[in-house]
Amino acid sequence: MATTYGLEKVTSPKNPIYQQLFVFYEYCEQVLAYTGNTMARKTHSVNDFVRFTGLTRLEDVTNQQVYDWVKWHKERGNTARSVNNYLHQLKAMLKWQRDENIKMPGLKISRISFQKEAPARKNWFSRRQIKLALLYAEPREWLLISLAFDCGLRIEELMNLKLSDISGRKIKIIGKGNRLRWGMMSRKTKRRLKKWIRKERITDYLWRGRNNVGHLGQEKARILMEEVFAKAGFDNFRPHDLRHSFATELKLLGLPTRKIQLALGHTSEAITEHYLSDLDGVTIENIRREVSTRLVMLRIRAFFANLFYILPRITLKPSN
């Protein structure tokens, strides 16, 4: 990460708040050893607040500025969960500054309340529905969707993929907490990815950002993927649904929770059990239909495989 933590984009180095935040970020990165993803979330949230308020020093921060910032995010359509993620990072920074004896007379941190969140949304799509959506996808969006589904990727994991993470059909994934796991893409996805890498002359990140700098942003990727599913008639799609779909397919195939946990990169089976429970739209009828379809296809394949194996070996007995 750049040593300025993006501060030069939201305030002048001459302003006291620049140094106040720089010291905080440096402490988080070097002393607390936060991962790159955690630092990115932290700096994005806090810098966003600084940009919105125009503060030049933390001593002038007020509760009303925080309330106005929260209101602005809600008016933009951000969910309570997203707003709370912003607030969590902001409150952590303000508490640290307070412990460092920064006087903020217009602020009472205890009065910064988190928003009431709706129950976590869990949705999934069948392989058939995903294939339908892919018919409307351009090459980049096709790969984004296919890789997310093939490997059960989080959006940040998908965006951070580099050429060096690809080894044949295997993909190295650095997940939450800097935990390493491996994914396996389909042969079709591998062929298309190989063409993409060659055509776009990829040398680092698989999905380049604006003006070929860095990588594609998460919000932009969400919009692109949601547009594909919308064209196919699915208006309720979110990229994380592909991770749910990946997990649900493994569940339908009968894999034990422990193996699904490893594939998802969860820290415990309990998290995976909760993750798989009560997925929106998953009913006994859904499961029976999905499993029945798979069994029928497997039986058809087995029948033809046996047929093509036996037929060449059938010979007419010679007549006496």
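Overview of the nonpolar core
Counting residues in each nonpolar core, the largest one holds 38 residues, and the members touching the most others are Leu 158, Trp 207, Met 225, Phe 229 and Leu 242. Counting residues per element, the ones that place at least two in this core are α5 (127-134), α6 (139-151), α7 (155-159), β2 (170-174), α8 (187-200) and α9 (218-231). By residue number, the principal contributor to this core is α6, which donates eight residues. Once residues within four sequence positions are removed from consideration, Met 225 is found in contact with Leu 144, Ile 145, Ala 148, Ile 155, Leu 158, Phe 237, Pro 239 and Leu 242. Membership of the second largest hydrophobic core comes to 32 residues, among which are Cys 28, Val 50, Val 61 and Met 93.

Let's talk about the packing of aromatic side chains
The description of two aromatic rings rests on the distance between their centres and on the angle between their planes. A full pass over the atoms with the stated rule returns 14 aromatic pairs. Centre to centre, the rings of Phe 229 and Phe 234 are 6.2 Å apart; their planes meet at 55°, and the pair counts as tilted. A single burial state applies to Phe 229 and to Phe 234, both of which are buried. Linked through ring pairs, Tyr 5, Phe 22, Phe 24, Tyr 25, Tyr 27 and Trp 96 together constitute an aromatic cluster. Against the face of Tyr 205 rests Lys 162, its NZ or CZ located 4.9 Å from the ring centre.

Considerations on the packing of helix α2 (residues 36-53) against helix α3 (residues 63-75)
At their nearest, the axes of α2 and α3 sit 10 Å apart, and the two run at 105° to each other. In terms of orientation, α2 lies roughly perpendicular with respect to α3. Counting all contacts with α2, which are made through Ser 45, Asp 48, Phe 49, Phe 52 and Thr 53, the residues of α3 involved are Gln 65, Val 66, Asp 68, Trp 69, Trp 72 and His 73. Tallied by class, residues from the contact of α2 with α3 come to five nonpolar, four polar and two charged.

Some words on the side chain of Arg 154
Relative to the elements of secondary structure, Arg 154 occurs in the loop between α6 and α7. Exposure remark for Arg 154: the relative accessible area of 6% places this residue in the buried category. Sequence-distant contacts of Arg 154, that is, excluding residues within four places in its chain, are made with Gly 175, Lys 176, Arg 181, His 240, Arg 243, Leu 264, Gly 265 and His 266.

As for the pairing of strand β3 (residues 180-184)
Residues Arg 181 and Gly 183 point to one face of β3 and are all buried, whereas Leu 180, Trp 182 and Met 184, pointing to the other face, are not buried. In this structure, β2 lies alongside β3, joined through five bridges in antiparallel fashion. When the bridges of β3 are listed, Ile 174 appears paired with Leu 180. Linking β2 to β3, which pair antiparallel, is a turn of five residues; within it Gly 177 sits at a positive phi near 70°.

Here's the deal with the sheet that holds β2
Ordered by their spatial adjacency, three strands build an open sheet running β1-β2-β3, and the pairing between neighbours is antiparallel. Looking at strand neighbours, the two that pair on one side only are β1 (166-167) and β3, the edges of this open sheet.

Side note on unusual backbone geometry
Phi at Ala 33 takes a positive value of approximately 55°, unusual for a residue other than glycine. Mapped onto the elements, Ala 33 comes out in the loop between α1 (16-31) and α2.

Some points on the confidence of the model for the protein chain
Here the protein chain averages 86 in pLDDT, and 84% of its residues register 70 or above. Overall, residues 280-285 carries pLDDT values under 50, and its contacts beyond four positions in sequence, including any with other chains, amount to eight contacts. pLDDT under 50 marks residues 313-320. Its contacts with residues more than four places away, or in other chains, come to zero contacts.

About the cut-offs
Residues numbered from 1 in each chain as written. Predicted model: local features only at pLDDT ≥ 70, side-chain atom pairs only at ≥ 80, totals over all residues. Heavy atoms only, no water. Core = buried A, V, L, I, M, F, W, Y, C linked by side-chain atoms within 4.5 Å. Buried < 20%, exposed > 50% of the residue type's maximum accessible area, 1.4 Å probe, protein only. Helix = DSSP H or I, 4+ residues; strand = E, 2+ residues; numbered from the N terminus. Contact = heavy atoms within 4.5 Å. Phe/Tyr/Trp six-rings, centres within 6.5 Å; stacked < 30°, edge-to-face > 60°. Lys NZ or Arg CZ within 6 Å of the ring centre and 35° of its normal. Axes fitted to C-alpha atoms, helices over the stretch in contact; angles between N-to-C directions. Parallel < 35°, antiparallel > 145°, perpendicular 65-115°, else oblique. Nonpolar A, V, L, I, M, F, W, Y, C, P; charged D, E, K, R; others polar. Pairing = 2+ DSSP bridges. pLDDT = per-residue confidence, 0-100.

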